[in-house]
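Survey of secondary and tertiary structure
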Amino acid sequence: MERIEGYPVEGFVKGKGPKNPSILLIGEAPGENEAIKGVPFIGRAGDELSKSLASIGLTRDNVYMTSAVRSRPYVWREKRGKNGELTQRKYNRPPTQSEVIAHAPILDFELKNIVPQIIVTLGNVGLQRLLGKEAKVSMLHGQLLEQPIRHLYALDSKEFVWSKESYLLIPTYHPASVFYRPSNRDFLEQDWKNIGKYLAERKF
């Protein structure tokens, strides 16, 4: 993909799911497993996400999964082996704003063409892609928001502008957050209860 050429990223993971899903999930970027297999949200974080979906009676087949950046952002670091030998290894890292902009037209296309009952952002990167840097998952998680979202002004632009229409979304923490901050699990479980309650109320 020309727009991401030259950035320290690898692989490309397409969005996956039905055109009219219960939820449009927007994550951060693929990790190592996702980049290798080309499937979003697999591995430990994917297992956590599947548990959250199951808690409100959904499976991966009911949702559309995508992310702010489609290629795995990585950084080279030294790793010391059991024998004491140092080797170079690629580690995941958060995507930069330039990488978010490079992949923005793909997510913009999905937001125009996928019609979910609600958008759920997973972590700050997905949330800030839609609502700007001021939006913080720690402040907004679990809340039902109805408002315009940001899209790229033009293909050759680096500027985001607000949509004319409003979208419904509920931000929550990234499923991987429970691994490095176990206290997030309580927040995550309550947020998914809120998401399930909203979807249940829509059926009546």
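Before reading further, recall that the structure is shown in the block above.
Residues numbered from 1 in each chain as written. Predicted model: local features only at pLDDT ≥ 70, side-chain atom pairs only at ≥ 80, totals over all residues. Heavy atoms only, no water.

Each helix and strand in the protein was counted, giving seven helices and ten strands. For 204 residues, the compact-globule estimate of 2.2 N^0.38 gives 17 Å, and the protein sits close to it at 17 Å. Going through the 204 residues of the protein one by one, you find that 45% of them count as buried. Here the analysis covers contacts within the protein between residues at least 6 apart in sequence; of these, 68% occur between residues at least 24 apart. Accessible area of the protein: about 11300 Å², with a carbon and sulfur share of 52%. Separation of charge centres in the protein, based on 30 positive and 23 negative side chains, amounts to 3 Å. (Helix = DSSP H or I, 4+ residues; strand = E, 2+ residues; numbered from the N terminus. Rg over C-alpha atoms; globule rule 2.2 N^0.38 Å. Buried < 20%, exposed > 50% of the residue type's maximum accessible area, 1.4 Å probe, protein only. Contact = heavy atoms within 4.5 Å. Areas by Shrake-Rupley, 256 points an atom, 1.4 Å probe, with all protein chains shown as cover. Lys, Arg positive; Asp, Glu negative; His and termini not counted. Charge placed at Lys NZ, Arg CZ, Asp CG, Glu CD.)

Taken together, three strands build an open sheet; the order of strands is E1-E4-E5 and the sheet is antiparallel. The open sheet has two edge strands, strand E1 (9–10) and strand E5 (86–92), and neither has a second partner. Here strand E4 (residues 72–80) pairs with E5 via seven bridges, running antiparallel. By the bridge assignment for E5, Arg 80 is matched with Leu 86. (Pairing = 2+ DSSP bridges.)

Along an α-helix, residues three or four positions apart point the same way, because every turn accommodates 3.6 residues. Taking 1.5 Å as the rise per residue, helix H7 (residues 184–202) with 19 residues should run 27 Å; its terminal C-alpha atoms sit 27 Å apart, in good agreement. Taken together, the buried positions of H7 are Asn 184, Leu 188, Asp 191, Trp 192, Ile 195, Gly 196, Tyr 198 and Leu 199. Down the axis, H7 shows its buried residues gathered within 160 degrees of arc, on one side only. Exposed side of H7, more than 90 degrees from the buried face: Asp 186, Lys 193 and Lys 197 are the residues found there. (Expected span 1.5 Å × (residues − 1). Arc of directions from axis to C-beta.)

Moving on: the pattern of salt bridges. For the structure on display, the rule yields nine salt bridges. A salt bridge links Glu 99 to Arg 93, with the nearest nitrogen and oxygen atoms 2.7 Å apart. Here Glu 99 and Arg 93 have matching classes, each one buried. Ionic contacts of the salt-bridge type, sharing partners, join the residues Glu 10, Arg 72 and Lys 90 into one network. (Salt bridge = Lys/Arg side-chain N within 4 Å of Asp/Glu carboxyl O.)

Before going further, it helps to spend a moment on the nonpolar core. Membership of the largest hydrophobic core comes to 36 residues, with the highest contact counts inside it found for Ile 23, Leu 25, Leu 131 and Trp 192. Per-element accounting of this core gives the leading share, five residues, to H7. In this view, Trp 192 contacts Ile 23, Leu 25, Leu 49, Ser 52, Leu 53, Ser 55, Ile 56, Val 120, Leu 122 and Thr 172; residues no more than four positions away in its chain are not counted. Listed in part, the eight residues of the second largest apolar core include Ala 68, Val 100, Ala 104 and Phe 160. (Core = buried A, V, L, I, M, F, W, Y, C linked by side-chain atoms within 4.5 Å.)

Another point: the side chain of Arg 129. You can see Arg 129 is positioned in helix H4 (residues 124–131). For Arg 129, a relative accessible area of 1% translates into the label buried. When near neighbours in sequence (up to four residues on either side) are disregarded, Arg 129 contacts Ala 68, Val 100, Ala 104, Leu 107, Asp 108, Arg 150, His 151 and Phe 160.

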